[in-house]
Structure formats: structure tokens, C-alpha cells
Amino acid sequence: MFGRKKRPQFDAGAFDSVLDGAKSLYFGKVRPLEDQYLVDRFHYSLLNPADLDAKPMVMLVGQYSTGKTTFIRYLLERSSVTSRVCTSGRSPPPTSRQVAGHHVR
């Protein structure tokens, strides 16, 4: 009843068609408006095709001991994830550096 729910399966072929549709919509409709209103001069850089083809980057932020590693384990479908955490026993470890992880299948 309270166990882990089964992850829904998805069709990888459908993802490619959705991505192609998103590219077509952006470059056909949105990008011309961004060009017209000079969005790149006032707000952010305009997207190029490589931006939409790149793998997404995700940053996971949260308080000490709130389940960040558990969430990553669930996403990666692994029971153990290598992490370096030092605790002093009384207080959470200081966040003195940023740590980045990269997973390749």
C-alpha cells in the first residue's frame, strides 16, 4: 500500500517527435517575436538549435537531510549513489563547495 509506485514507461520515439515539434514551434513562431522585440538585448540570449538538442541540466537544492540523495537514487534507479558527506555528529555539514554529478547510460 505504501511501497514504491511503479514508474510509468514512455516511448522514446514519441520524445523525438515532441522535440521536433517544439523546435518547429519555437523557430517558426516564438523566435521571430523575440527578434522583433529585441529580447536578446534586454532579457536573455536567444536559443539556437544546439540549445534544444542538448541534454538538460538539473540542479537539486534543499536543506540538510531532506531527501535529495534519496530522490537521486530513485531517478537513477540505483540503491547506492556515491556521495561525500561529512558530519560532525551535532550539526549538518557545511556547504563549502559545489558538487556536480553526471550520469550516462
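Here we summarise the structure given alongside this text. (Residues numbered from 1 in each chain as written. Predicted model: local features only at pLDDT ≥ 70, side-chain atom pairs only at ≥ 80, totals over all residues. Heavy atoms only, no water.)

**Focus: a nonpolar patch on the surface**
Then comes step 1: A surface patch of nonpolar side chains, amounting to about 330 Å² of accessible area, comprises L60, F71, I72 and L75.
Then comes step 2: Note on placement: L60 falls in the loop between α3 (49-53) and α4 (68-76).
Then comes step 3: The partly exposed category is assigned to L60, whose relative accessible area is 40%. (Patch = residues over 30% accessible without salt bridge, like charges linked within 9 Å, V, L, I, M, F, W, Y side chains within 5 Å. Areas by Shrake-Rupley, 256 points an atom, 1.4 Å probe, with all protein chains shown as cover. Salt bridge = Lys/Arg side-chain N within 4 Å of Asp/Glu carboxyl O. Helix = DSSP H or I, 4+ residues; strand = E, 2+ residues; numbered from the N terminus. Buried < 20%, exposed > 50% of the residue type's maximum accessible area, 1.4 Å probe, protein only.)

**Concerning the packing of aromatic side chains**
Then comes step 1: Following the criterion strictly, the structure yields one aromatic pair and no others.
Then comes step 2: Geometrically, the ring pair formed by Y26 and F27 is edge-to-face, given 4.9 Å between the ring centres and 80° between the ring planes. (Phe/Tyr/Trp six-rings, centres within 6.5 Å; stacked < 30°, edge-to-face > 60°.)

**What about the side chain of E34?**
Then comes step 1: Relative to the assigned elements, E34 resides in helix α1 (residues 12-36).
Then comes step 2: Although E34 is buried, it forms no salt bridge, and the closest oppositely charged side chain is R31 at an N-O distance of 4.9 Å. (Lys, Arg positive; Asp, Glu negative; His and termini not counted.)

**Structural notes on the pattern of salt bridges**
Then comes step 1: A complete count under the given rule lists two salt bridges for this structure.
Then comes step 2: In this structure, K23 engages D53 in a salt bridge whose closest nitrogen and oxygen atoms are separated by 2.4 Å. Here K23, found in helix α1, pairs with D53, found in helix α3; they are 30 residues apart in sequence, far enough to count as distant.
Then comes step 3: Taking the shortest distance from any N to any O, the salt bridge between D35 and R31 comes out at 3.6 Å. Residue D35 and its partner R31 are both found in helix α1; the two are separated by four residues, about one turn of the helix.
Then comes step 4: For R31, a relative accessible area of 22% corresponds to the partly exposed category.

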